[in-house]
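Understanding the architecture of this molecule
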Amino acid sequence: MHNFNYHRPSSVADAVKSLSGASDGKILAGGHTLLPTMKQGLAAPSDLIDITGIAELKGIKLDGNNLVIGAATPHAEVARSSVVKGAIPALAALAEGIGDAAVRNRGTIGGSISNNDPAADYPAGLVGLGATVHTNKRKIAADDFFKGLFETALEAGEIVTAVSFPKPEKAGYAKFPNPASRYAMVGVFVAKTGSGVRVAVTGAGACVFRSKDLEQALGGKWSADAVSSVKVASKGLNNDIHGSADYRAHLVTVMAKRAVAAAG
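Residues numbered from 1 in each chain as written. Predicted model: local features only at pLDDT ≥ 70, side-chain atom pairs only at ≥ 80, totals over all residues. Heavy atoms only, no water.

1. Some thoughts on the overall build of the protein chain
Put simply, the rule reads: In this description a helix means any DSSP run of H or I spanning at least four residues, a strand means any run of E spanning at least two, and both kinds are numbered starting from the N terminus. Each radius of gyration reported is based on C-alpha atoms, and the globular scaling rule is 2.2 Å times the count of residues to the power 0.38. Whether two residues touch is decided by their heavy atoms; if any such pair falls within 4.5 Å, the residues are in contact. We get accessible surface area from the Shrake-Rupley algorithm with a probe of 1.4 Å; when it comes to residues, only the shown protein chains can shield them. Charge assignment: positive for Lys and Arg, negative for Asp and Glu; neither His nor the chain ends contribute. A charged residue contributes its charge at one atom only: NZ of Lys, CZ of Arg, CG of Asp or CD of Glu.
What the protein chain contains, in helices and strands, is 12 helices and 14 strands. For a compact globule of 264 residues, the expected C-alpha radius of gyration is about 18 Å, and the protein chain comes in at 18 Å, within 12% of that figure. Taking as baseline every contact in the protein chain between residues at least 6 positions apart, the subset at least 24 positions apart corresponds to 57%. Accessible area of the protein chain: about 11900 Å², with a carbon and sulfur share of 50%. Of the charged side chains in the protein chain, 28 are positive and 22 negative, and the gap between their average positions amounts to 5 Å.

Rendered as structure tokens:
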């Protein structure tokens, strides 16, 4: 691992200042992707800005009809929060299924979505619920935030500060985890909202995406049976040693059925 300068700011403003003053600075939240890549010599940032000590980036609260989660809030806190369980139980269940106990107690929602791993769980939750990502500069709709493989709409010097989730009428999440990594080979988040049905798929492609066919089926009838006959196209889906594109396409339908059943 190369030498680097370590910063532990106490405010978002200080974090932005440290980031802008570095030649190649990186934000450190959970560090589950950044630190291993540094150890392997695949990344060598000049500065690490550790935001885990910033109080304004932590916490869970209700703001009207929205559930707001601070960017530095660990997965474990989301999973056990009575506020989350009361507002969006499916989101608490999603957080409970991320990695293992060590990952859930260290990893953060802001770090996860900023990294945008194609097999991460939170992107499906954000897109499925029509969430809004808050940064130090602006607000970004989840549909516009995730751009591609490990790519987001975040600009230089921009830091995620919170995520706002509108409370749905019903929601559910189901995933088929890789037995080794526990990342989603396929994960499906379904939500019935006042503006319609949303279905988001993670793990199957290079980036989280919405399934219009599944949304149309559930829009006609909200039941697991409604999606049973939906055949998801395998074109463009991941095809690797863990599962073929056809297998993942089949899993999308299976996980959708389970997610709807979980939603009730």
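2. A few points about the pairing of strand S10 (residues 160–166)
Applicable threshold: Relative accessibility decides the category of a residue: with a 1.4 Å probe and only protein chains considered, values under 20% of the type maximum give buried, values over 50% give exposed, and everything between is partly exposed. Each pair of strands is called paired provided DSSP finds at least two bridges between the two strands.
Of all seven residues making up S10, six are buried, and the element is well covered by its neighbours. Where strand S5 (residues 66–70) meets S10, five bridges bridge the pair, whose relative direction is antiparallel. Along S10, the bridge assignment pairs Leu67 with Phe165. Of the pairings in the sheet, the one linking strand S6 (residues 132–135) to S10 comprises four bridges and is antiparallel in character. Looking across to S10, one finds that Thr132 is bridged to Ser164.

3. Details of the pattern of salt bridges
Stated formally: A carboxyl oxygen of Asp or Glu within 4 Å of a side-chain nitrogen of Lys or Arg is what we treat as a salt bridge.
Per the counting criterion, the structure on display carries nine salt bridges. The partner of Arg138 in a salt bridge is Glu158, with the nearest N and O atoms 2.7 Å apart. Linking Arg138 in the loop between S6 and strand S7 (139–141) with Glu158 in the loop between strand S9 (151–152) and S10, this pair joins segments that are 20 residues apart in sequence. Arg138 sits in the partly exposed class, given a relative accessible area of 30%. Glu158 sits in the buried class, given a relative accessible area of 6%. A salt bridge links Asp240 to Arg248; its shortest N-O distance comes to 3.1 Å. Among the ionic contacts, a cluster of salt bridges with common partners joins Asp143, Arg198, Arg210, Lys212 and Glu215.

4. Some words on the environment of Lys235
As for its position among the elements, Lys235 is in the loop between helix H11 (224–228) and helix H12 (245–263). Distance from Lys235 to Ala245, taken between C-alpha atoms, is 7.2 Å for residues 10 residues apart in sequence.

5. A word on the sheet that holds strand S13 (residues 196–202)
Backbone hydrogen bonds hold the strands of a sheet together, and the pairing may be parallel or antiparallel. Read from one edge to the other, the open sheet built from four strands follows the order S11-S12-S13-S14, with strand pairing classed as antiparallel. Taken across any chain shown, the strands that pair with only one partner, and hence form the sheet edges, are strand S11 (170–177) and strand S14 (209–210). Where strand S12 (residues 184–193) lies against S13, seven bridges are found, and the strand directions are antiparallel. Looking at S13, one finds that Gly187 is bridged to Thr202.

6. Quick look at a nonpolar patch on the surface
Applied cut-off: Exposure above 30% relative accessible area and the lack of any salt bridge qualify a residue for a patch; like charges then connect within 9 Å, and the nonpolar side chains Val, Leu, Ile, Met, Phe, Trp and Tyr within 5 Å.
Taken together, Met1, Phe4 and Tyr6 make up a surface patch of nonpolar side chains, about 310 Å² in accessible area. Among the secondary structure elements, Met1 is positioned in the segment before strand S1 (5–7).

7. Here we look at the sheet that holds S7
Definition in use: For helices, the axis comes from a line fit to the C-alpha atoms of the stretch in contact; other axes are also lines fit to C-alpha atoms, and the angle between any two N-to-C directions lies between 0 and 180 degrees.
Strand order in this open sheet of five strands is S4-S5-S10-S6-S7, and the pairing throughout is antiparallel. The sheet is open, and its two edges are formed by strand S4 (60–63) and S7, each paired on a single side. Each adjacent strand pair in this sheet contributes to an overall mean axis angle of 25°, direction not counted.

8. Some details on the packing of aromatic side chains
Worth spelling out the cut-off: We call Phe, Tyr and Trp rings a pair once their centres come within 6.5 Å, taking the six-membered ring for Trp, and we label the pair stacked below 30 degrees between planes, edge-to-face above 60, and tilted otherwise.
In this structure the tally under the stated criterion is three aromatic pairs. Between the aromatic rings of Phe145 and Phe146, the centroid separation amounts to 5.0 Å while the plane-to-plane angle is 85°, which identifies the pairing as edge-to-face. With respect to burial, Phe145 and Phe146 carry one shared label: buried.

9. Looking at helix H1 (residues 12–20)
Short version of the rule: The directions considered for the arc are those from the helix axis to the C-beta atoms.
Every buried residue of H1 is listed here: Val12, Ala15, Ser18 and Leu19. The buried residues of H1 occupy one face: seen down the axis, they fall within an arc of 120°. Of the exposed residues in H1, those oriented more than 90 degrees away from the buried face are Ala13, Lys17 and Ser20. Each element contacted by the buried residues of H1 is listed here: S1, strand S2 (25–28), strand S3 (47–50) and S10.

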